[in-house]
Amino acid sequence: MNHFTYRQNQLYCEDVAVQKIAAAVGTPFYLYSHATLIRHLKAFRDAFVKIDHLVCFSAKANTNFAILKLFADRGCGLDIVSGGELYRGLKAGFAPERIVYSGVGKRVGEIDDALKAGILMFNLESVDELKLIDQRAGKLNQRARVAIRVNPDVDPKTHPYISTGLKKNKFGINTEAAIEGYRLAARLAHVDVVGIDCHIGSQITEAGPFEEALQSVKALLLRIKSETGIDIKYIDMGGGLGITYGDESPPSLNEYAKAFMQNIEGMAVTLILEPGRVLVGNAGILVTRALYNKDGQDKRFIIVDAGMNDLLRPTLYDAFHAIEPVVRKKASKTVADVVGPICESGDFLAVDRRLDEVNSGDLLAVMSTGAYGFVMSSNYCSRPRVAEVMVNDDQFHVVKQRETYADLVRGESLPPFLDD
Ligand SMILES: *Cc1c(COP(=O)(O)O)cnc(C)c1O
């Protein structure tokens, strides 16, 4: 459920016509619905209310400051994967004791910052990392709370680039090695072992893989307890619940929650979840303007002012995003590729898509782009990153200014031998 709806053939975000925002801020821009974000967070938490749990929003899905702030204000936790996300998260007001830190390549400076902040736990992805964290905690006179990210070898049945829990993936540690890791962790002087973690992938549209992963994690937890005596307090099952972009039918939040709850009932643990896409994906759209129609030899192209530098998902994952007219007219249908201005054949938003005839100047909404949209954008082809706007009821607010050309060259300088 989201708050992007048509009224008299005009696309609205809550009570604001999208066309009106485009006239004020120009195109392209990302547009987020405040009411949708709040609703998604509440629905997600409600599904787990019967058990001890902590929801840590996965920052990498969307780090816009306004979005982080509104989740932080509601007592939500945060899942981070970099020092930059830690910086943003603390600035937005997330309580450090609700921050978990995942990722295979944490650097010393990043680890130190997280130790000083006093985060809830580090999700460790290798034994090397465990040793380094123990060292850094010792140096800083701190104790590091840690979980080991295990790789349960579960097939999430999603795009290969977003499967993370298979043997061949770089993430996590396999079961046997994880037990060794826990044994080692128990002996280290500056580490408190508090959790066990896994994250099997993203855009998962069945409950089965989650349940399978939990059963595997639970079996491991029991083994760790009996073999090492370590009492684990947190089971972190990561994120990964899919959303509807086109014809997917992911499990409902209740079905998803049930897959976990029925397996941890009676255990004295807190369940941590790291949802990203499911909270923000359908709370955002990308608004773009059609520039030209062009009939190629085999294909029709609709060239728009947003490209792969603004929205990478179609190029990177072959992802489907519905494309809707911002103003519906009585138009005949056409089949076309919707492409951007970038000099790459991979620069497309849609391929062989059947949609209403588009004229130059028409506004189009690329739907469900609130997750992994703006955060993956780049300045490729010296294109300034686009604006981000948030609607709340009948008001809209620019929450990130469109970059300027001056922004593009900020920080660049000439070496003396060129500076004449
Ligand atoms: C990306 C990621 C998430 C969020 O995944 P979604 O599919 O957006 O819910 C959660 N945890 C970890 C460790 C991640 O890397």
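This is a predicted model, so every value here is computed, not measured. Here the residue index of a chain counts from 1 through its sequence in written order. Confidence filtering applies because this is a predicted model: local features only for residues at pLDDT of at least 70, side-chain atom pairs given and counted only at 80 or more, and all residues used for totals across whole chains, interfaces and linings. With hydrogens and water excluded, all non-hydrogen atoms of the structure serve as input to the side-chain values.

Description of a nonpolar patch on the surface
How we decide: In this scheme, patches are assembled from residues that exceed 30% relative accessible area and form no salt bridge. Like charges are connected within 9 Å, while nonpolar side chains (Val, Leu, Ile, Met, Phe, Trp, Tyr) are connected within 5 Å. Where accessible areas are quoted, they stem from the Shrake-Rupley method and a 1.4 Å probe; at the residue level, only the protein chains shown are allowed to cover. When a carboxyl oxygen of Asp or Glu lies within 4 Å of a side-chain nitrogen of Lys or Arg, that pair is called a salt bridge. Only protein chains enter the area calculation, which uses a 1.4 Å probe; residues under 20% of their type maximum are buried, those over 50% are exposed, and those in between are partly exposed.
Together, Leu414, Phe417 and Leu418 make up an exposed nonpolar region whose accessible area comes to about 370 Å². We classify Phe417 as exposed; its relative accessible area is 71%.

Brief notes about the domain arrangement of the chain
We count it as follows: Domain limits in this description derive from either an automatic procedure or a database domain assignment. Any two residues whose heavy atoms approach within 4.5 Å are treated as being in contact. Joining two parts hides part of their accessible area as seen by a 1.4 Å probe, and the buried area is that hidden amount summed over both.
The domain boundaries assigned to the chain delineate domain 1 (4-31 + 281-409) and domain 2 (34-280). For domain 1 versus domain 2, the distance between C-alpha centres works out to 32 Å. The partner domain 2 presents 24 residues to the 22 residues of domain 1 that form the contact. Counting each side, the surface lost to burial between domain 1 and domain 2 is near 1900 Å², with a carbon and sulfur contribution of 56%. On the domain 1 side of the contact with domain 2, Tyr317, Tyr372 and Met390 bury the most area, a combined 29% of that side's loss.

Examining helix α6 (residues 127-139)
Note the cut-off: For helices the rule is a DSSP run of H or I covering at least 4 residues; for strands it is a run of E covering at least 2, with both sets numbered from the N terminus onward. The length a helix should cover is 1.5 Å for every residue beyond the first.
Between the first and last C-alpha of α6 there are 19 Å, a value that for 13 residues agrees with the 18 Å anticipated at 1.5 Å per step. On its buried face, α6 is in contact with α5 (108-117), β8 (121-124), β9 (144-149), α7 (175-187) and β10 (191-197). One or two steps after α6, the chain reaches Asn141, where phi turns positive at roughly 60°.

Some words on the nonpolar core
Threshold: Residues grouped as a nonpolar core are buried Ala, Val, Leu, Ile, Met, Phe, Trp, Tyr and Cys residues, joined through side-chain atoms within 4.5 Å.
Counting residues in hydrophobic clusters, the biggest one holds 99 residues, and the most contacted among them are Phe48, Phe71, Phe122, Ile196, Ile235 and Met237. The biggest single contributor to this core is helix α8 (residues 208-228), with 7 residues. Shared between two domains, this core takes at least three residues from each, and those domains are domain 1 (4-31 + 281-409) and domain 2 (34-280). Non-local contacts of Phe71, meaning those with residues more than four positions away in its chain, are made with Leu37, Leu41, Phe57, Cys76, Phe94, Leu279 and Val280.

Some remarks on the sheet that holds strand β7 (residues 99-101)
The following threshold applies: The pairing criterion is simple: DSSP has to find at least two bridges between the two strands. For every element, the axis is a line fit to its C-alpha atoms; helices are fit only across the contacting stretch, and the angle between N-to-C directions ranges from 0 to 180 degrees.
If you walk around this closed barrel you meet the 8 strands as β5-β6-β7-β8-β9-β10-β11-β12, and the pairing is parallel. On average, each strand axis in the sheet is tilted by 30° relative to the strand beside it, whichever way the strands run. Packing of α8 onto the sheet brings it into contact with β10 and β11 (234-236), and relative to β10 it is tilted by some 150°.

Regarding the pairing of strand β16 (residues 333-339)
Of all the 7 residues making up β16, 5 are buried; the element is thus mostly covered by neighbouring parts of the structure. Two strands pair when backbone bridges link them, and strand β14 (residues 300-304) and β16 are joined in this way by 3 bridges, in the parallel orientation. Looking at β16, one finds that Ile303 is bridged to Val339. Across 6 bridges, β16 lies against strand β17 (residues 348-356) in antiparallel orientation. Paired with Lys333 across the two strands is Asp356, which belongs to β17.

Some points on the packing of α5 against α6
Short version of the rule: Orientation is classified from the angle alone, with under 35 degrees giving roughly parallel, over 145 giving roughly antiparallel, 65 to 115 giving roughly perpendicular, and any other angle giving oblique. Definitions for this section: a left-handed crossing has its near helix turned counterclockwise from the far helix by less than a right angle. A right-handed crossing has that turn clockwise. Each residue receives one of three labels: charged for Asp, Glu, Lys and Arg, nonpolar for Ala, Val, Leu, Ile, Met, Phe, Trp, Tyr, Cys and Pro, and polar for the others, Gly being one of them.
Across the interface, α5 lies against α6 with an axial gap of 10 Å and an inter-helix angle of 55°. As judged from the angle between their axes, α5 and α6 are oblique. The two elements α5 and α6 meet at a crossing, and its hand is right-handed. Residue-level inspection shows Val108, Ile111, Asp112 and Leu115 of α5 in contact with α6, the latter providing Leu132, Ile133, Arg136 and Ala137. The class makeup of the residues in the contact of α5 with α6 is 6 nonpolar, no polar and 2 charged.

Points about the site of the ligand
Rule in force here: If a single non-hydrogen atom of a residue is within 4 Å of a molecule or strand, that residue counts as near it. Under this definition, polar contacts are N or O atom pairs within 3.5 Å; protein pairs additionally need one hydrogen-donor-capable and one acceptor-capable atom, and for neighbouring residues in sequence, both atoms have to be side-chain atoms.
Around the ligand, the surrounding shell holds 14 residues, and the nearest of these are Lys60, Ser202, Glu274, Arg277 and Tyr372. At a separation of 2.8 Å, an oxygen atom of the ligand approaches a polar backbone atom of Gly240. Within the backbone of Arg277, one N or O atom sits 2.8 Å away from an oxygen atom of the ligand. Summarising the interface, the protein chains cover 94% of the accessible area of the ligand, which totals 390 Å² for the free molecule. Residue composition of the shell around the ligand, by class: 2 nonpolar, 7 polar and 5 charged.

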